[in-house]
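# Per-entry structural report
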Amino acid sequence: MAGATETGIVDPLDEIADVCIEHGVHFHVDAAWGGPVLLSEKYAPRLKGIERADSVTIDGHKQFFMPMTCGMVFFRDPRIMDHIAYYSNYVNRRGSVDLGIKTLEGSREANSLILDSALKIMGTKGYALMIDHGIETAQEFAQEIRKRELFDLVTAPELNILTYRVVPADIRKRLAVADSQERMQLNGLLDEINIAVQRKQRETGRSFVSRTRVNEVPGNPGDNDVVVLRAVIMNPMTTMDVLKDVLDEQERIYASIAPGGFLREGSRKGLQL
Ligand SMILES: Cc1ncc(COP(=O)(O)O)c(C=O)c1O
């Protein structure tokens with residue numbers, strides 16, 4: 001994957017290419033999210049190894065800002081597409097040069113024209129500006145999260161996606177010395193806190209940060225499947241002021257729901273917080 005859905009992390013593509021070549025395996029890169037990063041001179045090297053792929057998917061309806069759906073797949077050897085060729089006597093006859101012969105979908109909208117127009121209007125440099133803004137703003141946002149006591153950065157942004165979670169000071173202290181059984185309990189409590197903060201922020205309606213689960217917290221291997229807040233910096237109008245506002249609101253929400261609620265819940269689970 002070149003830009004994983006949950007975290008934006010890019011797999012070590014060069015190493016995977018080596019393994020594929022060694023074993024004669026088709027090397028496909030899912031760049032549905034990260035593909036347009038190739039337009040940025042500055043950040044294209046983060047996708048190093050993608051040029052060795054046998055096939056690559058890129059979605060227009062993600063970082064090319066297209067309406068749904070505008071998915072693309074590129075093959076190094078176009079003959080591979082013969083595997084998905086279909087024929088019919090009334091239109092796609094054998095030997096015809098009709099491009100529609102090679103398709104998974106049959107009839108579809110001409111969304112590729114919208115992407116073609118956007119590329120002409122924006123230019124690759126225009127898209128690169130937006131890509132650079134997303135990656136650089138995500139880096140600054142990560143710095144801001146690191147600075148604030150209430151939050152832990154869980155996955156740093158390789159592209160423009162990062163994840164973090166609310167970790168109150170008392171729980172952080174306990175986590176530092178907890179055995180694996182207690183870590184599980186504390187992580188369960190943190191999951192509840194993060195779900196509550198995320199829900200409340202969504203319901204309040206001023207801003208919204210998505211939520212997901214990640215399998216491993218860096219520095220704490222074994223912390224499986226924990227709830228994290230997931231921020232995707234894509235809108236070119238998003239500034240650090242906007243992002244600080246989002247964190248300020250999460251701090252206020254935590255302060256409003258913490259007294260009693262989570263601590264009681266924690267002690268019900270046998271934790272002395
Ligand atoms: C890396 C990646 N691959 C594939 C998909 C699926 O995309 P779609 O079905 O919209 O083409 C997504 C969607 O979030 C994605 O982020």
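Throughout, a residue's number is its position along its own chain's written sequence, starting from 1. Whole-chain, interface and lining totals are the exception, using all residues; otherwise, since this is a predicted model, local features are given only for residues with pLDDT of at least 70 and side-chain atom pairs are given and counted only at 80 or more. Just so you know, side-chain values use all the structure's heavy atoms and leave hydrogens and water out.

### What about the site of the ligand?
- Around the ligand, the neighbouring residues are Met1, Gly3, Thr5, Asp30, Ala32, Asp59, His61 and Lys62.
- The side chain of Thr5 places a nitrogen or oxygen atom 2.9 Å from an oxygen atom of the ligand. A molecule or strand has a residue near it when one of that residue's heavy atoms lies within 4 Å. Side-chain atoms alone can form a polar contact between residues adjacent in sequence; in general such a contact is a pair of N or O atoms within 3.5 Å, and within protein one must be able to donate a hydrogen while the other accepts it.

### With respect to the domain arrangement of the protein chain
- Where each domain begins and ends is defined by an automated method or by a domain database. Each domain of the protein chain was delimited in the assignment, giving domain 1 (13-123) and domain 2 (128-268).
- The interface of domain 1 with domain 2 comprises 14 residues on the first partner and 14 residues on the second.
- Both faces considered, domain 1 and domain 2 share a buried interface measuring about 1,200 Å² in area, 68% of it formed by carbon and sulfur atoms.
- Two parts placed together each lose some accessible area under a 1.4 Å probe, and adding up what both lose gives the buried area. Of all residues in domain 1, the largest losses of buried area upon contact with domain 2 belong to Trp33, Tyr43 and Phe65, amounting jointly to 43% of the total for that side.
- Think of a salt bridge as a Lys or Arg side-chain nitrogen and an Asp or Glu carboxyl oxygen that are within 4 Å of each other. Scanning the region where domain 1 abuts domain 2 turns up 1 salt bridge.
- The partner of Lys42 in a salt bridge is Glu136, and the shortest N-O contact between them spans 2.7 Å. Contacts were defined at the residue level, with two residues in contact if any of their heavy atoms lie within 4.5 Å.

### Comments concerning the pairing of strand β6 (residues 210-214)
- Buried means the residue's accessible area, taken with a 1.4 Å probe over protein chains only, is under 20% of the maximum for its type, while exposed means over 50%, and partly exposed covers the values in between. Helix and strand assignments come from DSSP, with helices taken as H or I runs of at least 4 residues and strands as E runs of at least 2, each series counted from the N terminus. Because side chains alternate across β6, one face comprises the buried residues Ser210, Thr212 and Val214, and the other comprises Arg211 and Arg213, none of which is buried.
- Only strands joined by at least two bridges in the DSSP assignment are considered to pair. Pairing between β6 and strand β7 (residues 226-232): 5 bridges, direction antiparallel. Counted as the bridge partner of Val214 is Val226 from β7.

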